[in-house]
Amino acid sequence: MQTFLLSRQFNAGSLTKNSTACAATATICNGTSCVLPEDNFNETLNIILSTVLTIMLALVMFSMGCNVELKKFWGHIKRPWGIFVGFLCQFGIMPLTAFLLSLVFDVLPIQAVVVLIIGCCPGGTASNIIAYWVDGDMDLSISMTTCSTLFAMGMMPLCLFVYTKMWTDSDAIVLPYDSIGISLVALVIPVSFGIYVNHRWPRKAKIILKIGSIVGAVLIVLIAVVGGILYRGSWIITPKLWIIGTIFPAAGYSLGFLLARIAGLSWHRCRTVSLETGMQNTQLCSTIVQLSFTPEQLELMFTFPLIYSIFQLLFALLILGGYRVYRRHRVKTKTDVEKTEEKEDSKSTSSHAKINGGFISNETK
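Along every chain, residues carry numbers that run from 1 in the direction the sequence is written. This being a predicted model, a pLDDT of at least 70 is required before a residue's local features are given, and a value of 80 or more before pairs of side-chain atoms are given or counted; all residues contribute to the totals for chains, interfaces and linings. With hydrogens and water stripped out, all remaining heavy atoms of the structure feed into the side-chain values.

### Examining the packing of aromatic side chains
- By convention, a stacked pair of Phe, Tyr or Trp rings (six-membered ring in the case of Trp) has centres within 6.5 Å and planes under 30 degrees apart, an edge-to-face pair has planes over 60 apart, and any other such pair is tilted. Throughout the structure, instances matching the rule amount to 9 aromatic pairs.
- Note on W81 and F84: the rings are 5.8 Å apart at their centroids and 25° apart in plane angle, and the pair reads as stacked. Highlighted residues: W81 and F84, both in helix 5 (residues 81–105), separated by 3 residues, approximately one helical turn.
- When accessible area is computed with a 1.4 Å probe and restricted to protein chains, residues below 20% of their type maximum are described as buried, those above 50% as exposed, and intermediate ones as partly exposed. Classification of W81 by relative accessible area gives partly exposed; the value is 45%.
- Residue classification places F84 among the partly exposed positions, given a relative accessible area of 41%. Only DSSP runs of H or I with at least four residues qualify as helices, and only runs of E with at least two residues qualify as strands; both kinds are numbered from the N terminus onward.

In structure tokens form, the structure reads like this:
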């Protein structure tokens, strides 16, 4: 209303006189001083990209569900040893690691809080995509992501209450339960459709899975690039948070794998638990931070979730590359051994034939 009244004070002559000095979109002109309308381009771009990425992510999770067998998935729910190990990693190891890193590097209280929020967030859906590429247990991966998102409703407040006492009042942190619920729904519904398609049309499910796995890999990189572009103005941050953002995901992957191995899980399930532990829902962390703190505080902490997401992706790609190299070498070595055994078998067969006058029994054919 105030802007409207001010604009009425200038007559048509003054507007014409200053039209050459001001931009065409200016709402108020007084000499060389102009009031321009607020530029909502970045906000609009963020909304559009968020909508597109959400739809793409739902389609990718649908394709991931096409690799889940209902019996095996239900088996993990009935005998949840793997889920329990993942629970200990997600809400035991990660918050404790965040607490220790904050103490060791002696960061500001407000920065320690954002590190702890990252540590308390549930696993992200990106872990399901990477788990597929490293031949992980997809049934376990999907069930762990679902359960960790569900458990986050109670475990996040508890962990934040325990670990943030020395830095801030836990009541000051606003947890977006609606966002957690939306994440849960956005995960469960597409995956359920994917499981149904795999049950009814297994051949079509394999085709959908191949396409979805490729799209998912592209989507992970796209989200990281888009995040870097949208928040390019927030990259000035203390070196301590850069170091923590590098160490934290690496520690999550390593400790998750170690605990899973100590618990007696198979190798492919160890890889799954490792990824589910190290890959956090950084979008949820960003939402919590924006809801809980002032703009002045956000300048000191807002970029950390993006830093963590970049390094968790880089380490995940390193794990994927290392596994692919190992798998190729193992398959090659195994093939060479089989060929050597076949040659030895053929040599023994021919020598046996010579001894027996060229007769070869039916057992060796």
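### Structural notes on the UniProt feature "transmembrane region" (unreviewed entry) in the chain
- UniProt positions are given in the numbering used here, feature names are shortened, and annotations may be inferred rather than shown by experiment. Annotation from UniProt places "transmembrane region" (unreviewed entry) at residues 47–68, 80–104, 110–134, 141–163, 175–196, 208–229, 241–260 and 305–326.
- Split by type, residues 305–326 is 100% helix and 0% strand. Its first and last C-alpha atoms lie 31 Å apart.

### Considering the packing of helix 5 against helix 12 (residues 267–278)
- Lines fitted to C-alpha atoms define the axes here, with helix axes fitted over just the stretch in contact, and angles between the N-to-C directions of these axes take values from 0 to 180 degrees. Following both chains from N to C, one finds helix 5 and helix 12 inclined at 35°, their axes separated by 9 Å at the closest point. Here the hand of the crossing between helix 5 and helix 12 comes out right-handed. Facing helix 5, whose interface residues are V85, G86, C89, Q90 and M94, helix 12 presents V273, E276 and T277.
- Charged means Asp, Glu, Lys or Arg here, nonpolar means Ala, Val, Leu, Ile, Met, Phe, Trp, Tyr, Cys or Pro, and polar covers whatever is left, Gly included. Tallied by class, the residues present in the contact of helix 5 with helix 12 amount to 4 nonpolar, 3 polar and 1 charged. Here a crossing is taken to be left-handed if its near helix is turned anticlockwise relative to the far helix by less than a right angle, and right-handed if that turn runs clockwise. Contacts were defined at the residue level, with two residues in contact if any of their heavy atoms lie within 4.5 Å.

### A few points about the environment of E276
- Here E276 shows up in helix 12.
- Take E276: its relative accessible area is 3%, and that puts it in the buried class.
- For the pair E276 and I142, spaced 134 residues apart in sequence, the C-alpha to C-alpha distance is 9.6 Å.
- When sequence neighbours within four positions are dropped, the list of residues in contact with E276 reads Q90, G123, S127, N128, S141, M144 and T145.
- Reaching out from E276, the side chain makes a polar contact with the side chain of S127 at a distance of 2.9 Å.
- Here a polar contact is taken to be a pair of N or O atoms separated by no more than 3.5 Å, where protein atoms must pair a possible hydrogen donor with a possible acceptor and residues adjacent in sequence count only if both atoms sit in side chains. At a separation of 2.8 Å, a polar atom in the side chain of E276 contacts the side chain of S141.

### Description of unusual backbone geometry
- In this structure, D106 is a non-glycine residue whose phi angle is positive, near 50°.
- Counting through the fold element by element, D106 comes out in the loop between helix 5 and helix 6 (109–120).

### Focus: helix 8 (residues 138–163)
- The length a helix should cover is 1.5 Å for every residue beyond the first. For helix 8, built from 26 residues, the straight-helix expectation of 38 Å at 1.5 Å per residue is missed by more than 12%, its first-to-last C-alpha distance being only 32 Å.
- We define the bend at each residue as the angle formed by axes fitted to the 7 residues ending at it and the 7 residues starting at it. Along its length, helix 8 shows its largest kink, about 55°, at A152.
- At the N-terminal boundary of helix 8, the capping side chain belongs to D137, with an oxygen 3.1 Å from the backbone nitrogen of D139.

### Brief notes about the nonpolar core
- Among the nonpolar cores identified, the biggest contains 42 residues, and I117 and M156 are the most heavily contacted of them.
- Breaking this core down by element, the ones donating at least two residues are helix 5, helix 6, helix 8, helix 11 (239–262), helix 13 (282–292) and helix 15 (304–355).
- Among all residues touching I117, those that are not within four sequence positions of it are L160, I173, C285, I288, V289 and F293.
- Counting 24 residues, the second largest nonpolar core, distinct from the first, contains I130, V134, V191 and L275. Take the buried residues of types Ala, Val, Leu, Ile, Met, Phe, Trp, Tyr and Cys, join any two whose side-chain atoms come within 4.5 Å, and each joined set is a nonpolar core.

### Details of the confidence of the model for the chain
- pLDDT measures the predictor's confidence residue by residue and takes values from 0 up to 100. Counting all residues, the mean pLDDT for the chain is 75, and 70% of those residues have values of 70 or more.
- With pLDDT under 50 throughout, residues 1–20 is counted as low confidence; its partners more than four residues away or in other chains account for 10 contacts.
- This model gives residues 335–340 a pLDDT under 50, and the stretch forms 0 contacts once residues within four places in sequence are excluded.

### Description of the pattern of salt bridges
- Note on definitions: salt bridges are taken to be side-chain nitrogens of Lys or Arg within 4 Å of carboxyl oxygens of Asp or Glu. One pass over the full model with this rule turns up 3 salt bridges.
- The residue R327 makes a salt bridge to D135 at a minimum N-O spacing of 2.8 Å. Note that R327 is positioned in helix 15 and D135 in the loop between helix 7 (126–133) and helix 8, a separation of 192 residues in sequence.
- Judged by relative accessible area, which is 30%, R327 ranks as partly exposed.
- D137 is the salt-bridge partner of R269, the closest N and O atoms lying 2.9 Å from each other. Placement of the pair is R269 in helix 12 and D137 in the loop between helix 7 and helix 8, with a sequence separation of 132 residues.
- Residue class for D137 comes out buried when judged on its relative accessible area of 7%.

### Digging into a nonpolar patch on the surface
- A patch consists of residues whose relative accessible area exceeds 30% and which take part in no salt bridge; residues with like charges are grouped when within 9 Å of each other, and nonpolar side chains (Val, Leu, Ile, Met, Phe, Trp, Tyr) when within 5 Å. In this description, accessible areas are obtained by the Shrake-Rupley approach with a 1.4 Å probe, and a residue is regarded as covered only by the protein chains that are shown. Side chains of L96, L100, L103 and M166 sit close together on the surface and give an oily, nonpolar patch of about 360 Å² of accessible area.
- Within the secondary structure layout, M166 lies in the loop between helix 8 and helix 9 (177–200).
- By relative accessible area, which is 51% here, M166 ends up exposed.

### What to know about the environment of P109
- Along the polypeptide, P109 turns up in helix 6.
- A relative accessible area of 41% means that P109 is categorised as partly exposed.

### What to know about the side chain of S309
- Relative to the assigned elements, S309 resides in helix 15.
- Polar contacts involving the side chain of S309 include one to the main-chain carbonyl oxygen of L306, which spans 2.6 Å.

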